[in-house]
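Listed here are the chains, written in short residue letters.
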Amino acid sequence: MMISYTPGWTASIREVVIGATAAEGGTRRISYRIGGESDLPCIGQGKKPLIAFEICDDPALWPDVVRSACTKLIDNPPAWASYVDTTLQADLIRLNLTSTRRRNFDAYDSVGKTVTAILAATSLPLIIEGSADAEIDSEVFQRCGEAGEKERLVLGTAEAARYRSVAAAAIAYGHSVIAQSPIDVNLAKQLNILLREAGVPDDRVIIDPYTGALGYGFEYTYSTMERIRFAALKGDADLAMPMICAPSDTLTIKEIRGAVHNHETAVSWEVATSVAAALAGATILVVRHPGSLTQLRKAIDSLWNPEVF
Amino acid sequence: MALKALDIYKLLPKKNCKECGDPTCLTFAMKLAQGKAEPDLCPYLDEEAKNILGASTRPPIQKVTVGMGTLSFTVGDEFVFYRHEKTFYHQPGILYAVSDTESDDRIREVISQVRGCKVTRIGIDLLLNGIAISADSGSSERFVAAISTVVSGNPDLPLVLMASEPAIMEAGLAVCGNYLPLIRGAGDKNIEEFCSLAKKYGAPLVVSGSDLQRLAANVTRCTGLGVTQMMLDLSGTEGEFVRTSTLVRQTALARSVPGLGYPVFLDARTTGFSGLITGIVKFASVIVVNPLSRTEMQAALVMRQNIYTDPQKPIQMTPGLYRVGTPGRDDPVFLTVNFSLTYFTLQGYLESTRRSCWLLIVDTEGMSVLTAVAAGKLSESVVKDAIEKFAVADEVNNKTIIIPGYASPLSGRIEEYTGWKVIVGPRDAAEIASFIEEELK
């Protein structure tokens, strides 16, 4: 009697390239080809998920627990990026342009300058999280895209109601797009179709199914991720994009705001959410607390260890 | 393989006698196919039909109970690979490990951690499930002493006894066998001894094997020796565990290997927190872990609650008028739906603004704002009913209500129908702070 695994899948996840090395026309020291999996997470020959660390350019809107963990760096994004690269050793950096969330924001020149400064401070590939307001999206994403031309950035976030500006910047400057939908398989699919119709190639889209906070509906995210992965492996090309999970909501929940040991709490909850998301199919995990990185790295290394029973 | 309803129907007497409680044999067959009825309910089945049906309608994963009394827990009896296919039914037991080489004081400290771990979320108490005692000293006396330390004063706490030497296990069972501990230690070489211990005490048995084939064969041997309550030992690194437990779950659901249709045991003492999380999401039924930090324990219990929530029944809030902070008559009234995720998210953001306000939760049958608007579950009449039922006008001076951004198409109709002024709030709760700052100064 042989007990063997018969996956029965017919398709695989599409590959997306993030970052460009000198040989690829950019200035990054490494580029990543994510996706390509033809089975469930951790099964078969799938690649290890990447761990991104998220920083921001205006810390006023950042979670208190992270602000107090990064006090010396929080007001200096390039130094923060460099620390994330060399000391924390993240795989990539996500820069969240929180400055654009200020009321009547119009300092568009500073957006380009910030992106340029971060690109100079680290040679890791970058994800840029731009504005969240349709009225300024066009200008913001244009500046981000331009400043990172040839670097194959990942630009976010496209949503069903506001995706044209980010799509236009990605097409014009050769970047990829994060497509975020509110924890729903069909809405994720619909947005991917909209992006394709807007001219974004399928191999430059990463799905963000939206990560509900642990204890506040994370199970919806978990199952939506499983369903997206399942649909992709069964051949639905509109859902065959790699997924990103950013459990940032987890850092703003009551348990962490009110906790005595809130650093430990933040790390435990961020790691738990990220490990589960990786097992549901996320290929980029975004964390914000420096303490989460080592623990998450160890877990992912162990999960994706190629030894087979 | 599971039989289809029509295949089952062919085996039934087709008398439509209703004695099973169903109107026809066909409806009874459909219930049997879904595992919602037992073949024994039919008084007219012949022996052969009973055998066929018994084997195919039994749950693909055996139900196993650990411990006795109110803290005992049942695992197994699962039917799906993905929780969204139906639901996961029996959440894994999580037990803290102690070693018989540790001092009695240390063991008592771990017991008090297990006893005192309660985490209350959305009105439900989340608990650790018991203690696992491992025989590392090599001495029966020491193992017995450690067990006695746990059992005296805590006879209700479910136990796992871990010892690979049958004589040591026997000594341990002599102390606590009556409490139906889970016993772990049976492998390729000592199956007979462990089976006779399991039978003597009626205790469930964890069976291991050097590979899956051997494991399945060992389980079949145990079945032959009369043991029915078993679990499969799939302990290993996080990666090994995911691969084997995935394979075992698929095999069990396909009913292709009888020896693998049992719940899964995971010793996560070496992998710790990440091993525990992996076990929770990937099919483990009993997880033994060294004592965790309080924050890790909370995160793990909440993860278990999330993963074992029934996806078909969203957790709902009771509709009503809730207070955030200590609102007065001039503080704003926010309206939202009774989908628990929406409620807790919004409540969290409102609390972080440190602005007291009222939160009116209307009944949308647990739907989110977007789906409730689309399905007509959030409408002007639902809002009006809620305002009246919860006497919102008695609490505030201004008849103004702030509705979620996604409900903006309803704003005009709500104003006309209720006579209240409507302000459209943000679509995303994360923007509530800036909304309050800008719009409600």
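Here, the structure is the one placed above.
The structure contained in this document is the topic of the report that follows. (Residues numbered from 1 in each chain as written. Chains lettered and ligands numbered in written order. Predicted model: local features only at pLDDT ≥ 70, side-chain atom pairs only at ≥ 80, totals over all residues. Heavy atoms only, no water.)

### Digging into the pattern of salt bridges
Item 1. Using the criterion set out here, one finds 42 salt bridges over all chains in the structure.
Item 2. Measuring nitrogen to oxygen at the nearest pair gives 3.5 Å for the salt bridge that ties Glu438(B) to Arg103(A). Of this pair, Glu438(B) sits in helix H16 (residues 432-439) while Arg103(A) sits in the loop between strand S4 (92-96) and helix H3 (108-121), which puts the two residues in different chains.
Item 3. Residue Glu438(B) is classed as partly exposed on the basis of its relative accessible area of 31%.
Item 4. Across the pair Lys10(B) and Asp7(B) runs a salt bridge, and its minimum N-O distance is 4.0 Å. Placement of the pair is Lys10(B) and Asp7(B) together in helix H1 (residues 5-11), with a separation of 3 residues, close to one helical turn.
Item 5. Residue classification places Asp7(B) among the partly exposed residues on the basis of a relative accessible area of 33%.
Item 6. The structure contains a network of salt bridges with shared partners spanning Arg14(A), Lys189(A), Arg196(A), Asp202(A), Asp236(A) and Asp238(A). (Salt bridge = Lys/Arg side-chain N within 4 Å of Asp/Glu carboxyl O. Helix = DSSP H or I, 4+ residues; strand = E, 2+ residues; numbered from the N terminus. Buried < 20%, exposed > 50% of the residue type's maximum accessible area, 1.4 Å probe, protein only.)

### Some points on the side chain of Thr271(B)
Residue and element names in this part refer to chain B.
Item 1. With respect to the helices and strands, Thr-271 occurs in the loop between strand S11 (264-267) and helix H10 (272-281).
Item 2. By relative accessible area, which is 12% here, Thr-271 ends up buried.
Item 3. Residues contacting Thr-271, with those up to four places away along its chain left out, are Gly-236, Thr-237 and Glu-238. (Contact = heavy atoms within 4.5 Å.)

### Overview of the sheet that holds strand S10 (residues 230-233) of chain B
Residue and element names in this part refer to chain B.
Item 1. With respect to topology, 8 strands assemble into a closed barrel ordered S3-S6-S7-S8-S9-S10-S11-S12, the strand pairing being parallel. Between one strand axis and the next, the sheet turns by 30° as a mean value, whatever way the strands run.
Item 2. The pairing of strand S8 (residues 182-186) with strand S9 (residues 205-207) spans 3 bridges and is parallel. Counted as the bridge partner of Arg-184 is Val-206 from S9.
Item 3. Packing of helix H5 (residues 140-151) onto the sheet brings it into contact with strand S6 (130-134) and strand S7 (159-162), and relative to S6 it is tilted by some 170°. (Pairing = 2+ DSSP bridges. Axes fitted to C-alpha atoms, helices over the stretch in contact; angles between N-to-C directions.)

### What to know about the pairing of S8(B)
Residue and element names in this part refer to chain B.
Item 1. A large share of S8 lies buried, amounting to 5 of its 5 residues.
Item 2. Where S7 lies against S8, 3 bridges are found, and the strand directions are parallel. The residue bridging Leu-161 from the neighbouring strand is Ile-183, located in S8.
Item 3. You can see the chain leave S7, run along helix H6 (residues 166-176) and come back into S8, and the turn it takes is right-handed.
Item 4. A crossover links S8 with its parallel partner S9, the connecting element being helix H7 (residues 191-201), and its sense is right-handed. (Right-handed = clockwise from strand over helix to strand, strands pointing away.)

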